[in-house]
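Coordinates in review
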Amino acid sequence: MSTRRSDDQLDTYLLRIFCLLITERSVSRTALRLNQSQPAVSLALKRLRTILGDPLLVREKSGMVPTERALALLSHAKGALAEIDRMTFAPESFDPLTSRYEFRVGAPDYLAPMFISSVVERIRKEAPNLRLSLQSLGPNFDFERSLAEGDLDVVIGNWPEPPHRMHLSMLLEDEIVCLVGANHPLARKGFTADDYQRAVHVVPMPYSISQRGVIDTVLATHRLNRDERVVVQSFTMAPYLLQHSDLVFTTTRHFAQFYANLLPLVILPSPIPFPAMRFYQLWHERNHLSPAHRWIRRLLADCGKQIKPGS
């Protein structure tokens, strides 16, 4: 493809389509996200290729993949859009009752289900036209970069040492407990620290590759070992493995209570003195003063206050 630049203007519409195309790597998914037709997005891609002098997306066996130049331009395009939004955003224009804003929140899958339920309930009542996208976080997910580039608006996590490079506030605290099947011997006899070390545990894959979690940190500090016999990719899978096994799952009380109400499971106080698990919300300076983002952060904080530790 020729590298000659077109005289066409690269407007905000094309910038937004460019960012979505490179992120989604699909014309059809981009059209769905923008509520536009595929031909319209294909035409925009054609214009972008002409303006930028690059194919941007090329077809491989696994589907469409971005070119090296497209990936290099992505952060610049996101930064330009952020600056344009900051210049043109009218602070008084955000009205939750009528807004069709989309908030993108990253959170681990072990966050208290009743907290998320409360958030959704409040949003449906106070902002019925608003869209909420929940992004599951994993060990390889660069949430700081996603916040900086605008892919996420808020990230919720329970870092033992929260990142100091961004704004944060504490959302809620939760007690750490042990969850077992209703027929587990420990459900009847009680639970000691020795029992904990002799027990067979189901554990999740690490949530962060850069930091140990609260539970692993405490065990390492006290030089305690546990038999991590079963490792699962998702927290939500672990409770289902407890029903007819001798496994023990260490988690937060509200997470445990949610599944104990659904399955034949028993919650036991942890014999290891774990501190309360603290969940924070984290956001970037680019959204700090935005009325829309201040509204969603207040809503998240209000919902967090309803979750009492040990209740």
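Above: the structure in question.
This section reports on the structure supplied with the text. (Residues numbered from 1 in each chain as written. Predicted model: local features only at pLDDT ≥ 70, side-chain atom pairs only at ≥ 80, totals over all residues. Heavy atoms only, no water.)

As for unusual backbone geometry
- Even without being glycine, N35 reaches a positive phi, approximately 55 degrees.
- Assignment of secondary structure puts N35 in the loop between α2 (27-34) and α3 (38-52).
- Here N35 falls in the exposed class, since its relative accessible area comes to 73%.
- Despite not being glycine, L56 shows a phi value in the positive range, around 70 degrees.
- Relative to the assigned elements, L56 resides in the loop between α3 and β1 (57-60).
- Residue classification places L56 among the buried residues on the basis of a relative accessible area of 1%. (Helix = DSSP H or I, 4+ residues; strand = E, 2+ residues; numbered from the N terminus. Buried < 20%, exposed > 50% of the residue type's maximum accessible area, 1.4 Å probe, protein only.)

Considering the sheet that holds strand β9 (residues 227-232)
- Strand order in the open sheet made by the 5 strands is β9-β8-β10-β7-β11, with mixed pairing throughout. Of all strands in the sheet, those bounded by a partner on one side alone are β9 and β11 (265-269). Sheet twist, expressed as the mean angle between neighbouring strand axes with direction ignored, is 35 degrees.
- Across 5 bridges, the pairing between strand β7 (residues 176-181) and β11 is antiparallel. In the strand pairing of β11, G181 is matched with L265.
- Strands in contact with helix α11 (residues 253-260) are β7, β10 (247-252) and β11; relative to β10, the strand with the most contacts, it is inclined by about 125 degrees. (Pairing = 2+ DSSP bridges. Axes fitted to C-alpha atoms, helices over the stretch in contact; angles between N-to-C directions. Contact = heavy atoms within 4.5 Å.)

Concerning the environment of H76
- Of note, H76 is situated in helix α4 (residues 68-88).
- Separated by 94 residues in the primary sequence, H76 and M170 place their C-alpha atoms 32 Å from one another.

Some words on the packing of aromatic side chains
- Applying the stated criterion across every chain yields a total of 15 aromatic pairs.
- When the centroid spacing of 5.9 Å and the interplanar angle of 80 degrees are considered together, the rings of Y240 and Y259 count as edge-to-face. Of this pair, Y240 sits in helix α10 (residues 238-242) while Y259 sits in helix α11; the two residues are 19 residues apart in sequence, bridging distant segments of the chain.
- Given the relative accessible area of 43%, Y240 is considered partly exposed. (Phe/Tyr/Trp six-rings, centres within 6.5 Å; stacked < 30°, edge-to-face > 60°.)

What about a nonpolar patch on the surface?
- Nonpolar side chains collect at one region of the surface, where Y240, F258 and L262 lie side by side and expose about 310 Å² of accessible area between them.
- Locating F258 in the fold gives a position in helix α11.
- On the accessibility criterion, F258 (36% relative accessible area) is partly exposed. (Patch = residues over 30% accessible without salt bridge, like charges linked within 9 Å, V, L, I, M, F, W, Y side chains within 5 Å. Areas by Shrake-Rupley, 256 points an atom, 1.4 Å probe, with all protein chains shown as cover. Salt bridge = Lys/Arg side-chain N within 4 Å of Asp/Glu carboxyl O.)

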